[in-house]
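Chain by chain, the residues:
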Amino acid sequence: MDVLQNVYGDIFWLLPIPGDGNCLFGSVIHQLCCASPNHQHFGAYRSQLRDAAVSELRNRIDFYVDYLAVSAEEAFEDPSPVANKIERFLVALESDGFWGGEESLAAICNLHQVAITVHQINGTIEFTPTVSENQSWRVLDIFYRNLPGFVEKTHYDSVVAVRRLRQETCFNPHAHSTEVFLRSEAIFVYAVEFTDHQESLFISVYHQLTNTHPTSCSSFY
């Protein structure tokens, strides 16, 4: 477990995801179905998610064109037309080990009707489904190491828990100034529910001890 602190004093406990070019998809897989990198099907689930995201991007390319244009321009700096770069980018994105970015996160949100919070050292980025009648989405939390100084300069990990340092304002009518103090509050943002199982207590403890999930997560389509 890695522990990082952002510029606001929030402390993050992270499950390290292998830095093999698939870390975005691996982080989301851990959040979606509790499959950690040592799970026997982790690689297969991650590949399924990548394939599904690329299919979503291709099937609704006009919808994601702004994301794709930015990613394609960053990936290919030659003077070829943007449409050509987007096609080359999608072909590359199908390959194991090729970096996914905001275009993939946007596609995953719509595919699975989830919101994704990308935590960073200096802030957060929120992704939500853009095609949905439901406004109460499950939230997935991942961490993007995006600043110089990290061994993995740009890398995604899965957020297991967060302790937020919240600023509160105390108004004193007898004082000439407002007192501001900080309160540390533990907020756990990642949870797995086993409420429908008669042995849910034991399964939950087993999950905490071994980080394995008792149910199958065989498809992301």
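Analysis parameters
- Residues numbered from 1 in each chain as written.
- Predicted model: local features only at pLDDT ≥ 70, side-chain atom pairs only at ≥ 80, totals over all residues.
- Heavy atoms only, no water.
- Helix = DSSP H or I, 4+ residues; strand = E, 2+ residues; numbered from the N terminus.
- Contact = heavy atoms within 4.5 Å.
- Areas by Shrake-Rupley, 256 points an atom, 1.4 Å probe, with all protein chains shown as cover.
- 1 Å grid on protein atoms, 1.4 Å probe; cavity = no way out; pocket = protein on both sides within 12 Å on 5 of 7 lines; lining within 4 Å.
- Points joined across faces, edges and corners; volume = space filled by probe spheres on them.
- Nonpolar A, V, L, I, M, F, W, Y, C, P; charged D, E, K, R; others polar.
- Core = buried A, V, L, I, M, F, W, Y, C linked by side-chain atoms within 4.5 Å.
- Buried < 20%, exposed > 50% of the residue type's maximum accessible area, 1.4 Å probe, protein only.
- Pairing = 2+ DSSP bridges.
- Salt bridge = Lys/Arg side-chain N within 4 Å of Asp/Glu carboxyl O.
- Lys, Arg positive; Asp, Glu negative; His and termini not counted.
- Polar contact = N/O pair within 3.5 Å; in protein donor to acceptor, adjacent residues only side chain to side chain.

Visitor: Would you mind showing me how to read the overall build of the protein chain here?
Guide: When helices and strands are tallied, the protein chain shows six helices and seven strands. Written out in order from the N terminus, the α and β elements of the protein chain read β-β-α-α-α-α-α-β-β-β-β-β-α. In the protein chain, 55% of the contacts between residues at least 6 apart in sequence involve partners at least 24 apart. Carbon and sulfur atoms form 52% of the exposed surface of the protein chain, whose accessible area is close to 12400 Å².

Visitor: It is not clear to me how the layout of surface pockets should be interpreted in this structure. Could you clarify?
Guide: Space left empty within the atom packing is revealed by a probe, the size of a water molecule, rolled over the atoms. In this model, the largest pocket occupies a volume close to 410 Å³. Looking at the lining of the largest pocket, the elements that each hand over two or more residues are helix 3 (65-75), helix 5 (102-112), strand 3 (114-120) and strand 4 (123-127). Grouping the constituent residues of the lining of the largest pocket by class yields twelve nonpolar, four polar and three charged.

Visitor: Even after reading the chapter, I still don't get the nonpolar core, so can you show me in this structure?
Guide: Across soluble globular proteins, nonpolar side chains show a tendency to be buried alongside one another. Among the nonpolar cores identified, the biggest contains 37 residues, and Val28, Leu105, Ile108, Ile116, Val118 and Tyr156 are the most heavily contacted of them. Secondary structure elements with two or more residues in this core: helix 1 (23-33), helix 2 (42-59), helix 3, helix 4 (82-93), helix 5, strand 3 and strand 5 (138-145). Considering every element that reaches this core, the biggest residue donor is helix 1, with seven residues. Look past the residues within four positions of Ile108 in its chain and what remains in contact with it is Leu24, Phe25, Val28, Leu49, Ala53, Gln113, Val114 and Ile116. By size, the runner-up hydrophobic cluster in this structure holds seven residues, among which are Leu14, Ile121, Phe143 and Val162.

Visitor: What am I meant to see in the pairing of strand 3 here?
Guide: Judged by how many residues are buried, strand 3 sits mostly within the fold: seven of seven residues are covered. Bridging between strand 3 and strand 5 involves six bridges; their strand directions are parallel. If you follow Val114 over to strand 5, its bridge partner there is Arg138. As judged from the five bridges shared by strand 3 and strand 4, these two strands associate in the antiparallel manner. Residue pairing across strands places His119 opposite Thr124, the latter belonging to strand 4. Hairpin connection, strand 3 to strand 4: the antiparallel pair is bridged by two residues.

Visitor: I'm lost on the pattern of salt bridges in this one. Help?
Guide: When the charged atoms of two side chains with opposite charge come close together, those side chains can pair. Under the definition given, this model contains nine salt bridges. Note that Arg145 and Asp2 form a salt bridge whose closest N and O atoms lie 2.8 Å from each other. Taken together, the positions of Arg145 in strand 5 and Asp2 in strand 1 (residues 2-5) put the pair 143 residues apart, joining distant regions of the chain. The salt bridge partner of Glu56 is Arg60, with a shortest N-O separation of 2.8 Å.

Visitor: Help me out: how do you make sense of the side chain of Glu103 in this one?
Guide: Relative to the helices and strands, Glu103 resides in helix 5. Buried charge without a salt bridge: Glu103, with Arg50 as the nearest opposite-charge side chain at an N-O distance of 7.8 Å. Within polar-contact distance, the side chain of Glu103 engages the backbone nitrogen of Gly101 at 2.8 Å. Among all residues touching Glu103, those that are not within four sequence positions of it are Leu57, Tyr67, Leu68, Ser71, Phe89 and Leu93.

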